[in-house]
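Structural overview
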Amino acid sequence: KMVGNDNWINSYLDAILDAGKSAVGGDRPSLLLRERGHFSPARYFVEEVITGYDETDLYKTWLRANAMRSPQERNTRLENMTWRIWNLARKKKELEKEEACRLLKRHPETEKTRIDATADMSEDLFEGEKGEDAGDPSVAYGDSTTGVSPKTSSVDKLYIVLISLHGLVRGENMELGRDSDTGGQVKYVVEFAKALSSSPGVYRVDLLTRQILAPNFDRSYGEPAEMLVSTTFKNSKQEKGENSGGYIIRIPFGPRDMYLTKERLWPFIQEFVDGALSHIVRMSKTISEEIGCGHPVWPAVIHGHYASAGIAATLLSGALNLPMAFTGHFLGKDKLEGLLKQGRQSREEINMTYKIMRRIEAEELSLDASEIVIASTRQEIEEQWNLYDGFEVILARKLRARVKRGANCYGRYMPRMVIIPPGVEFGHIIHDFDIDGEEENHGPASEDPPIWSQIMRFFTNPRKPMILAVARPYPEKNITTLVKAFGECRPLRELANLTLIMGNREAISKMHNTSASVLTSVLTLIDEYDLYGQVAYPKHHKHSEVPDIYRLATRTKGAFVNVAYFEQFGVTLIEAAMNGLPVIATKNGAPVEIHQVLNNGLLVDPHDQNAIADALYKLLSEKQLWSRCRENGLKNIHQFSWPEHCKNHLSRILTLGMRSPAVGSEEERSKAPISGRKHIIVISVDSVNKENLVRIIRNAIEAAHTENTPASTGFVLSTSLTISEICSLLVSVGMHPAGFDAFICNSGSSIYYPSYSGNTPSNSKVTHVIDRNHQSHIEYRWGGEGLRKYLVKWATSVVERKGRIERQMIFEDSEHSSTYCLAFKVVNPNHLPPLKELRKLMRIQSLRCNALYNHSATRLSVTPIHASRSQAIRYLFVRWGIELPNIVVMVGESGDSDYEELLGGLHRTIILKGDFNIAANRIHTVRRYPLQDVVALDSSNIIEVQGCTTEDIKSALRQIGVPTQ
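All of the points below concern the structure found in this document. (Residues numbered from 1 in each chain as written. Predicted model: local features only at pLDDT ≥ 70, side-chain atom pairs only at ≥ 80, totals over all residues. Heavy atoms only, no water.)

This part is about the overall build of the protein chain. Helix and strand counts for the protein chain stand at 34 helices and 29 strands. Here the contacts in the protein chain between residues at least 6 apart in sequence split such that 74% fall between residues at least 24 apart. When the accessible surface of the protein chain is split by element, carbon and sulfur atoms take 50% of a total near 40,200 Å². (Helix = DSSP H or I, 4+ residues; strand = E, 2+ residues; numbered from the N terminus. Contact = heavy atoms within 4.5 Å. Areas by Shrake-Rupley, 256 points an atom, 1.4 Å probe, with all protein chains shown as cover.)

So, on to the packing of helix H11 (residues 307–320) against helix H14 (residues 356–369). For the pair H11 and H14, the least separation of the axes is 8 Å and the interaxial angle reads 45°. In terms of axis orientation, H11 runs oblique to H14. Remark: the crossing between H11 and H14 carries left-handed chirality. Residues Ala307, Gly310, Ile311 and Thr314 of H11 form the contact with H14, whose own contacting residues are Arg358, Arg359, Ala362, Glu363, Leu365, Ser366 and Ala369. (Axes fitted to C-alpha atoms, helices over the stretch in contact; angles between N-to-C directions. Parallel < 35°, antiparallel > 145°, perpendicular 65-115°, else oblique. Left-handed = near helix turned anticlockwise from the far one by under 90°.)

One broad trend across soluble globular proteins is that nonpolar side chains are buried collectively. Membership of the largest hydrophobic core comes to 100 residues, with the highest contact counts inside it found for Ile160, Ile455, Ile467, Leu468, Leu482, Val483 and Leu500. In terms of residues, this core owes the most to one element, helix H8 (residues 184–197), which gives eight residues. Taken domain by domain, this core gets at least three of its residues from each of domain 1 (158–172 + 182–231 + 240–419) and domain 2 (451–635). Residues within four places of Leu468 in sequence aside, it is in contact with Thr499, Ile501, Ile549, Tyr550, Ala553, Ala559, Phe560, Val561 and Leu581. In this structure, Leu165, Phe253, Met283 and Val373 belong to the second largest nonpolar core, which totals 97 residues. (Core = buried A, V, L, I, M, F, W, Y, C linked by side-chain atoms within 4.5 Å. Buried < 20%, exposed > 50% of the residue type's maximum accessible area, 1.4 Å probe, protein only. Domains from an automatic or database assignment.)

Looking now at the pattern of salt bridges. Counting across every chain of the model gives 35 salt bridges. With a shortest N-O distance of 3.0 Å, Glu812 and Arg788 are connected by a salt bridge. Separated by 24 residues along the polypeptide, Glu812 in strand E23 (residues 810–812) and Arg788 in helix H31 (residues 784–795) bring together distant segments of the chain. Exposure remark for Arg788: the relative accessible area of 24% places this residue in the partly exposed category. (Salt bridge = Lys/Arg side-chain N within 4 Å of Asp/Glu carboxyl O.)

Moving on to helix H21 (residues 546–555). Burial analysis of H21 places nine of its 10 residues in the buried class, the great majority of the element. Residues of H21 that are buried include every one of Val546, Pro547, Asp548, Ile549, Tyr550, Arg551, Leu552, Ala553 and Thr554, and no others. Against the buried residues of H21 lie helix H17 (450–456), strand E10 (466–470), strand E11 (497–501), strand E13 (559–562), helix H22 (571–578) and helix H25 (623–636). Lys557 lies just past H21 and shows a positive phi near 55°.

A separate point is the sheet that holds strand E26 (residues 859–863). Read from one edge to the other, the open sheet built from four strands follows the order E23-E24-E26-E25, with strand pairing classed as antiparallel. Lying at the two open borders of the sheet, with one neighbouring strand each, are E23 and strand E25 (850–854). Going across the sheet, the axis of each strand differs from the next one's by a mean of 25°, ignoring polarity. In this structure, E25 lies alongside E26, joined through five bridges in antiparallel fashion. Along E26, the bridge assignment pairs Asn854 with Arg859. The strands touched by helix H32 (residues 835–844) within the sheet are E25 and E26, with E25 carrying the most contacts at an inclination of about 155°. (Pairing = 2+ DSSP bridges.)

Position of Ala375 among the secondary structure elements: in strand E8 (residues 372–375). As a C-alpha pair, Ala375 and Pro422 span 47 residues in sequence and 9.2 Å in three-dimensional space. If we ignore the near neighbours within four places in the chain, the residues touching Ala375 are Glu380, Ile381, Val418, Ile419 and Ile420.

Turning next to the side chain of Arg170. Mapped onto the elements, Arg170 comes out in the loop between strand E2 (158–163) and H8. By relative accessible area, Arg170 is classed as buried at 12%. At a separation of 3.5 Å, a polar atom in the side chain of Arg170 contacts the side chain of Asp218. (Polar contact = N/O pair within 3.5 Å; in protein donor to acceptor, adjacent residues only side chain to side chain.)

Once that is clear, we can look at the packing of aromatic side chains. Summed over all chains, the structure comprises 14 aromatic pairs. Taken together, a centroid distance of 5.5 Å and an interplanar angle of 40° make the contact between Tyr188 and Trp642 tilted. Of this pair, Tyr188 sits in helix H8 while Trp642 sits in helix H26 (residues 642–653), placing them 454 residues apart in sequence. The exposure class assigned to Tyr188 is buried, which follows from its relative accessible area of 4%. When the ring of Trp385 is compared with that of Tyr388, the centres are 5.0 Å apart and the planes differ by 50°; the resulting orientation is tilted. (Phe/Tyr/Trp six-rings, centres within 6.5 Å; stacked < 30°, edge-to-face > 60°.)

Here we take up the environment of Ile942. Secondary-structure assignment places Ile942 in strand E29 (residues 942–946). With a relative accessible area of 11%, Ile942 lands in the buried category. Along the chain, Ile942 and Ile911 lie 31 residues apart, while their C-alpha atoms are 7.4 Å from each other.

With that out of the way, let us pick up the packing of helix H18 (residues 479–487) against helix H20 (residues 513–528). Between H18 and H20, the least distance of the axes is 9 Å, while the angle of their chain directions is 5°. Taken together, the axis directions place H18 and H20 in an arrangement best described as roughly parallel. Taking contact as the criterion, the partners of Ile479, Thr480, Val483 and Lys484 in H18 are, on H20, Val518, Ser521, Val522, Leu525 and Ile526. For the contact of H18 with H20, the class distribution of residues is six nonpolar, two polar and one charged. (Nonpolar A, V, L, I, M, F, W, Y, C, P; charged D, E, K, R; others polar.)

Let us look at helix H16 (residues 393–404). Here H16 spans 16 Å end to end across 12 residues, near enough to the 16 Å set by a 1.5 Å rise per residue. For H16, the set of buried residues is Val393, Leu395, Ala396, Arg397, Lys398, Leu399, Ala401 and Arg402. N-cap assignment for H16: the residue whose side-chain oxygen lies 3.2 Å from the backbone N of Ile394 is Glu392. Gly406 sits one or two positions beyond H16 and adopts a positive phi of about 75°. (Expected span 1.5 Å × (residues − 1).)

Here six strands make up an open sheet; going across it, the order is E12-E11-E10-E13-E14-E15 and the pairing parallel. Unpaired on one side and paired on the other, strand E12 (535–536) and strand E15 (601–604) mark the two borders of the sheet. With two bridges joining them, E10 and E13 adopt parallel strand pairing. Within E13, the residue paired with Ile467 across the bridge is Ala559.

Bringing unusual backbone geometry into the picture now. Positive phi values are uncommon outside glycine, yet Asp530 reaches one of about 55°. Positive phi outside glycine occurs at His855, with the angle close to 50°. Take His855: it is sitting in the loop between E25 and E26. His855 gets classed as partly exposed once you look at its relative accessible area, which sits at 23%.

Moving on to the pairing of strand E9 (residues 416–419). For a regular strand, side-chain orientation follows a simple rule: the groups alternate between the two sheet faces. Judged by which residues are buried, E9 turns out to be covered on both faces: Arg416 and Val418 on one side and Met417 and Ile419 on the other are all buried. Two elements, E8 and E9, share four bridges in a ladder whose sense is parallel. If you follow Val373 over to E9, its bridge partner there is Met417.

By themselves these figures say nothing about function.
Printed below as a string of structure tokens:
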């Protein structure tokens, strides 16, 4: 038995103990062990075989085992630990094999589709274009900001909406580092909103985020609105009354008394969209009154930041017919690839923890809807966005070339990728230094900032050059490798001190497990290398003190270091340069292109701790190099100023073209049959046969009818049927179509209103008028005939094989197609191709559209990206002005594949349950992510009722405040 083999077990436990000291994220010291002459095979096994796992819990178990007095109890615990190690190793190998097989199967299919898509474009390129544009980045995938001269003077009074949903967002005293969601992105969007609101041509900027009323959080996060005040430059236009300024607008969504991490926000996104929609509609009228223009002033752009805000911006831009921009910040596919490489979790476990598939789909949808995508570097475009189905560099170049010469793109579209480097506040430019490294004083001496003493108290010799790192304690920030590089290089230790600003913390025991593990590892390394008196790691600092920390490093002629495995944005590098501090930076990501502009330091491989140590020693010991890097940084830093950053953004916004909601004239809206309506009931029941649908319609109308206010409640029928199918159904059972205020047809791609010529509906001939304004909303990026031809070709490839016989499963259905809805018959619903595969195929082909199954999976409908039944309801809200909480949507237990979209939001939902529902079909077995990742099924806005009788429906309507008889 293993219990008796103490020597064998202890060798592994010693290895775990050593691994626990380096924890997660640092380089593994196996080579260093060999160099020191005491290589341990057991330690090598732990590091190399189960690498990537967090052994902290094993280390704690080892400590508890050593505390056991009973040898038998101790050996039992040690045996359990040994088996856990073996299981970890086996699990990792299984995961690696599984992922390799999956990629091997899928990669050729994806590449073939990409090749086919680009081949379709190749034959039409002129020879000159093939050669001339090949190396032109503006043709390859969009634009850089080089040589851009914005024309903001020609447009004034712009209203701009920014969206960033996660983290703790406020204008002053930002709690950066308080949690994993409150970091660089929060800082960026707040400062961007401040700077943008002071830019020429801009009247107002709204930064929309979540209202937080949870206990243990400052009350400022619950304020509905907060005016942004820049600390570094005056908004003279605001002082003169020429603009309104910048604001943080906090929209309530999700549980009011809970703070939600970004992974838990997904089910409440539609609730945010409805709240934001109401705010934008109100604000467009307010701005109109303020500037006296006589018409609503709609946002020039809706700009989403991160995936969750991207899907929100997609829905808002579709509902309002406004241009959309998107900044991904940190992309989901890149994170997924990194997590899979670690081998710690399977794809399913990663999705459970991070909701990664929902995030990736949101990013794909953002690509579908965006006119421009903002990237900070070319690497982000070519290596990260190129992983997505909806973007491919070669096809983007070919489409751009065709657009430039006015050629037909056959319905294909690729968003413009725009490279705009990040911006920073320029409020703390460093002063000149004298020969001794002291700041020149041109007036009365000022006291040192308090944070200086908080840092210098750690040091035995505080006058040595200070190496500064500012990063939260996450494995990807690679702080442990930096500490090891410093600790194992004696000349560097003798030359300099090291300061680690790792966010704010109260106690390690209260931190998130991952952050606590990294921080524990850092403290263990400090102890192992005996770095006391040489390393500072203060627990607290204010956001306003960060510039002072940079100044301290510069005053000691130190250096800033960022050796993250990959750096997406690199704002800290720019902040360091702004304060005259040379840098050592990772060669992976944004720092490469920042370095090309600033030329103020050295790039290193973040995996090579010797290279990190050598670069730091070189920069700090060679004074001429240090001075040259400092001067270069200060000389070139203006290219990263906020005014420059905003100027580049505005120049792109002005190329988008001005779009606005087309909801009809006041005269047209005055004729709408909604005068006096207080509530609207939208019947969207798909999971029943036609007879039961008619029964539900009759019962709903009877339940909502009141003698005192018969016109207070209106009705809308929302379905995948065509208008002719609806009329035939209603007439066949003796129902009058004029009893409805509107018909949402063809899965949201058409809206019709009943129209009659006589005094009353009963003595008039009823016709149905299509809403042309709605069509102008949804035609964005519609592929039309080019899309139809491709789908017909695709349908021939969907076959059922029985032996040698192939039977085509999907056929074009011209009878039920319309201008903005391409219909196809499904012969056998049991052999449906998954919608996610069809959407993937369309995106690879750069054909932007929605695809959904309906009619109990016997019909496939393909519509424009902004056409859906839920979006049609938002359109009617804008057109009619009825508040969304006064709209009731009735659905069945299941429905078409857009069912989930009808459940979320501020409107009320009634789910009719009972055996009249047709059993759920394969439509909902091919979902890319669980329903609970999209909709909060326990929301107070959703009511379930057993049955569909008049009394059942009355009971439900009373619960949500709709008057009944």
